[in-house]
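Secondary and tertiary structure notes
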Amino acid sequence: MKNEDSNSVNANGELNELMDKLSNYPDLAKRLLDAYTEYGENLQHIVDRANKQKEESGREELSPEESEELAKLDDEAKLSFYTKEKEILVEAVLRQQEEHDSKGEQLKNLKTEYRRIKMFEDREKVGHKVYPNDPCPCGSGKKYKKCCAKKELEI
Ligand SMILES: [Zn+2]
């Protein structure tokens with residue numbers, strides 16, 4: 001599996017925190033939980049598949065090709081989960097803005113979550129962590145720090 005770096009996030013550890021932030025929207029919290037359950041099932045399939053491959057080959061370790069294939073599936077599962085998570089966050093932000101909610105802090109939290117997922121997506125796009133002075137993955141020609149890294153959720 002891919003090495004984790006400081007830009008990567010552990011969905012498991014942060015789920016509860018995000019569920020709290022969605023406490024005003026039980027339907028969104030439910031959708032997030034469903035997406036997370038699906039993510040867990042996908043990861044389980046990957047583990048099952050790895051075990052089956054080892055069993056069938058009689059080897060203790062997966063071949064580099066098998067490992068790479070599984071890492072790819074792992075990334076796909078993660079990206080699929082984050083895509084759903086982002087949709088849910090956007091929906092929550094929209095609703096909060098509609099309600100002219102005075103809870104500015106909560107809105108800020110949701111926007112921070114959004115930026116976190118956006119950074120993950122940017123990283124996936126280029127295949128490695130995007131540093132501030134790197135060209136922006138969106139292809140604007142600007143530096144990352146002057147472009148998508150500081151882009152707020154625009155609604
Ligand atoms: Zn950009």
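Located above this text is the structure these notes cover.
Okay, so let's go over this structure. (Residues numbered from 1 in each chain as written. Predicted model: local features only at pLDDT ≥ 70, side-chain atom pairs only at ≥ 80, totals over all residues. Heavy atoms only, no water.)

A few words on the overall build of the protein. Within the protein, the regular secondary structure consists of 4 helices and 0 strands. Element order for the protein, N to C, with α for helix and β for strand: α-α-α-α. Partitioning the intrachain contacts of the protein with sequence separation of at least 6 by distance along the chain shows that 61% fall at a separation of at least 24. Approximately 9600 Å² of the protein is accessible, and the part contributed by carbon and sulfur atoms is 50%. (Helix = DSSP H or I, 4+ residues; strand = E, 2+ residues; numbered from the N terminus. Contact = heavy atoms within 4.5 Å. Areas by Shrake-Rupley, 256 points an atom, 1.4 Å probe, with all protein chains shown as cover.)

Turning to the coordination of the zinc ion, a few remarks are in order. Here the zinc ion is held by C136 (SG), C138 (SG), C147 (SG) and C148 (SG), and the distances to it run 2.2 to 2.3 Å. Around the zinc ion sit 4 donor atoms, and with donor-metal-donor angles ranging over 99 to 119° the site reads as tetrahedral. Counting residues between consecutive donors of the zinc ion along the chain gives the motif C-x1-C-x8-C-C. Placement of the pair is C136 in the segment after α4 (104-126) and C147 in the segment after α4, with a sequence separation of 11 residues. (Donors = N, O, S within 2.8 Å, 3.2 Å for Na, K, Ca; no water. Tetrahedral: all angles 85-135°; square planar, octahedral: opposite > 155°, others 65-115°.)

Next up on the list: helix α2 (residues 26-57). Between its terminal C-alpha atoms α2 stretches 46 Å, which fits the 46 Å expected from 32 residues at 1.5 Å a residue. Of the residues making up α2, those classed as buried are L28, A29, L32, A35, Y36, Y39, I46, A50 and Q53. Among the residues trailing α2, G58 stands out with phi positive, at a value near 75°. (Expected span 1.5 Å × (residues − 1). Buried < 20%, exposed > 50% of the residue type's maximum accessible area, 1.4 Å probe, protein only.)

Tracing the backbone through its elements, the reader meets M119 in helix α4. Note on M119: relative accessible area 32%, which makes it partly exposed. The spatial distance from the C-alpha of M119 to the C-alpha of V130 is 8.1 Å, given a sequence separation of 11 residues.

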